[in-house]
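Results of the structural survey
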Amino acid sequence: MALEKELATYKSKLPELKDSEGKFVLIHGDQVVDVYTSYEDAIKEGYAKFKLEPFLVKQIHCVEQVQFISRFADPCIPVR
Amino acid sequence: MPYFNLQLTPNQGLVANAIIAVSHARRVALTALQQPVPNAISVRLLVDTGASHTCIDPSVLQSLGLTPTGIATVNTPTTGTQPQNQDQYDISLLIPGSHPTHFPLVVPNIPVICAQFLQAQGFHGLLGRDVLSRCILIYNGPAGMFTVAY
């Protein structure tokens, strides 16, 4: 899976981010860049700052939200 | 309120044709870097109230040259009891209205989950409740039609 470093940063910083529950955090490597009200704002800022370098946009949830897909579909390997 | 009104397909039910492209944000970045913007792709999406999130087959995402910008925790019939982390990709989505004067359903920046085996089932993705939450969905079984208003 890609973005493992960014995911580790998210998990380690989650206690500091919990006041922003439901908002969207932008993470690059081990750096939390900022928190945004909408996904749209976060993804725009990610591309504006980091262009095509890896970055993570994730909605902040103290308890991780699980996405349910009832159809037969498999999580897939990275497409690159 | 614009809408699209489509026939139910005998085997698959609620299937809509859509156009998927790189997200608006990624398009701006590619253009600034003077890199080519991949062509948009026509796809078939199953309107799926059983999917909490929109999912796209990896073949489509690969054609758009995308890299992940998110991670979702996903539970499907194949993951068993243990949800799995899965890459998310940002795309733009357009579904035409029923009439040329209708505005299409457009989402310029939306995260989607990469999910395999969808193309083998006759479509390229699932239009999930993250998009449907902005819409009114009417399933008219006797008429063999469904309507999505947005």
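The structure presented is a predicted model; accordingly, all values stated were derived computationally and were not measured. (Residues numbered from 1 in each chain as written. Chains lettered and ligands numbered in written order. Predicted model: local features only at pLDDT ≥ 70, side-chain atom pairs only at ≥ 80, totals over all residues. Heavy atoms only, no water.)

Here we take up the overall build of chain B. Scanning chain B from terminus to terminus reveals three helices and ten strands. Helices and strands appear in chain B in the N-to-C order β-β-α-β-β-α-β-β-β-β-α-β-β. Compactness check: chain B gives a C-alpha radius of gyration of 16 Å against a globular reference of 15 Å for 150 residues, within 12% of the reference. Taken along the three principal axes of its C-alpha coordinates, chain B extends 50 × 45 × 25 Å. Across the 150 residues in chain B, those meeting the buried criterion constitute 51%. (Helix = DSSP H or I, 4+ residues; strand = E, 2+ residues; numbered from the N terminus. Rg over C-alpha atoms; globule rule 2.2 N^0.38 Å. Buried < 20%, exposed > 50% of the residue type's maximum accessible area, 1.4 Å probe, protein only.)

Turning to the overall build of chain A, a few remarks are in order. Helix and strand content of chain A: two helices and five strands. Secondary structure elements in chain A, listed N-terminal to C-terminal, are α-β-β-α-β-β-β. Dimensions of chain A, computed from the C-alpha atoms along their principal axes, are close to 35 × 30 × 25 Å. Evaluated residue by residue, chain A yields a buried proportion of 42% over its 80 residues. Roughly 4400 Å² of accessible area belongs to chain A as shown, and the carbon and sulfur atoms make up 50% of that amount. Side chains of chain A give 11 positive and 13 negative charges; the mean places of these two sets differ by 2 Å. (Areas by Shrake-Rupley, 256 points an atom, 1.4 Å probe, with all protein chains shown as cover. Lys, Arg positive; Asp, Glu negative; His and termini not counted. Charge placed at Lys NZ, Arg CZ, Asp CG, Glu CD.)

Contacts between the two partners involve 32 residues from chain A, matched on the other side by 52 residues from chain B. Approximately 3900 Å² of surface area, both sides summed, lies buried where chain A meets chain B, with 62% of it carried by carbon and sulfur atoms. The interface formed by chain A and chain B includes zero salt bridges. For the pair chain A and chain B, the interface holds 13 residue pairs in polar contact (both at pLDDT 80 or more). Breaking the side of chain A that touches chain B down by element, the ones donating at least two residues are helix H2 (39–50), strand S3 (56–59), strand S4 (66–68) and strand S5 (74–75) of chain A. (Contact = heavy atoms within 4.5 Å. Buried area = accessible area lost by both parts, 1.4 Å probe. Salt bridge = Lys/Arg side-chain N within 4 Å of Asp/Glu carboxyl O. Polar contact = N/O pair within 3.5 Å; in protein donor to acceptor, adjacent residues only side chain to side chain.)

Okay, the sheet that holds strand S2 (residues 31–36) of chain A next. Paired through their backbone hydrogen bonds, the strands of a sheet run either parallel or antiparallel. Residues and elements named next belong to chain A. Pairing in this open sheet of three strands is antiparallel, and the strands run S2-S1-S3 from one edge to the other. A single partner strand is all that each edge strand has here, and the edge strands are S2 and S3. Averaged over all neighbouring strand pairs, the angle between strand axes comes to 25°, with direction disregarded. On the sheet, H2 packs against strand S1 (24–28), S2 and S3 and is oriented at approximately 20° with respect to S1. (Pairing = 2+ DSSP bridges. Axes fitted to C-alpha atoms, helices over the stretch in contact; angles between N-to-C directions.)

This part is about the nonpolar core. Soluble, globular proteins show a tendency: their nonpolar side chains are buried together. Grouped together as the largest cluster of nonpolar side chains are 32 residues, with contacts concentrated most on Phe 4, Ile 20, Ile 56, Leu 61, Ile 91, Leu 93 and Leu 127 of chain B. Listing elements by their share of this core, those giving two or more residues are strand S2 (15–22), strand S3 (41–47), helix H2 (58–63), strand S6 (84–95), strand S7 (105–116), helix H3 (129–132) and strand S10 (145–149) of chain B. Once residues within four sequence positions are removed from consideration, Leu 93 of chain B is found in contact with Ala 18, Ile 19, Ile 20, Leu 45, Leu 105, Val 106, Val 107, Leu 127 and Val 131 of chain B. In this structure, Tyr 39, Ile 43 and Phe 50 of chain A together with Ala 29 of chain B belong to the second largest nonpolar core, which totals 13 residues. (Core = buried A, V, L, I, M, F, W, Y, C linked by side-chain atoms within 4.5 Å.)

Right, let's get into the pattern of salt bridges. All names here are of chain A. Applying the stated criterion across every chain yields a total of three salt bridges over all chains. Residues Glu 45 and Lys 49 are paired through a salt bridge, measuring 3.7 Å at the closest nitrogen-oxygen approach. One end of the pair is Glu 45 and the other is Lys 49, both in helix H2 and four residues apart, which spans about a single turn. Relative accessible area serves as the criterion here: at 46%, Lys 49 is assigned to the partly exposed category. Two residues, Glu 64 and Lys 58, come together in a salt bridge whose shortest N-O distance is 2.9 Å.

Here we come to helix H1 (residues 24–32) of chain B. Along H1 of chain B, the residues classified as buried are Ala 25, Arg 26, Ala 29 and Leu 30 of chain B. Buried residues of H1 of chain B fall within an arc of 135° about the axis and therefore sit on the same side. The inward-facing, buried residues of H1 of chain B contact H2 of chain A together with S2, S6 and S7 of chain B. Phi turns positive one or two residues past the end of H1 of chain B, at Gln 34 of chain B, with a value near 55°. (Arc of directions from axis to C-beta.)

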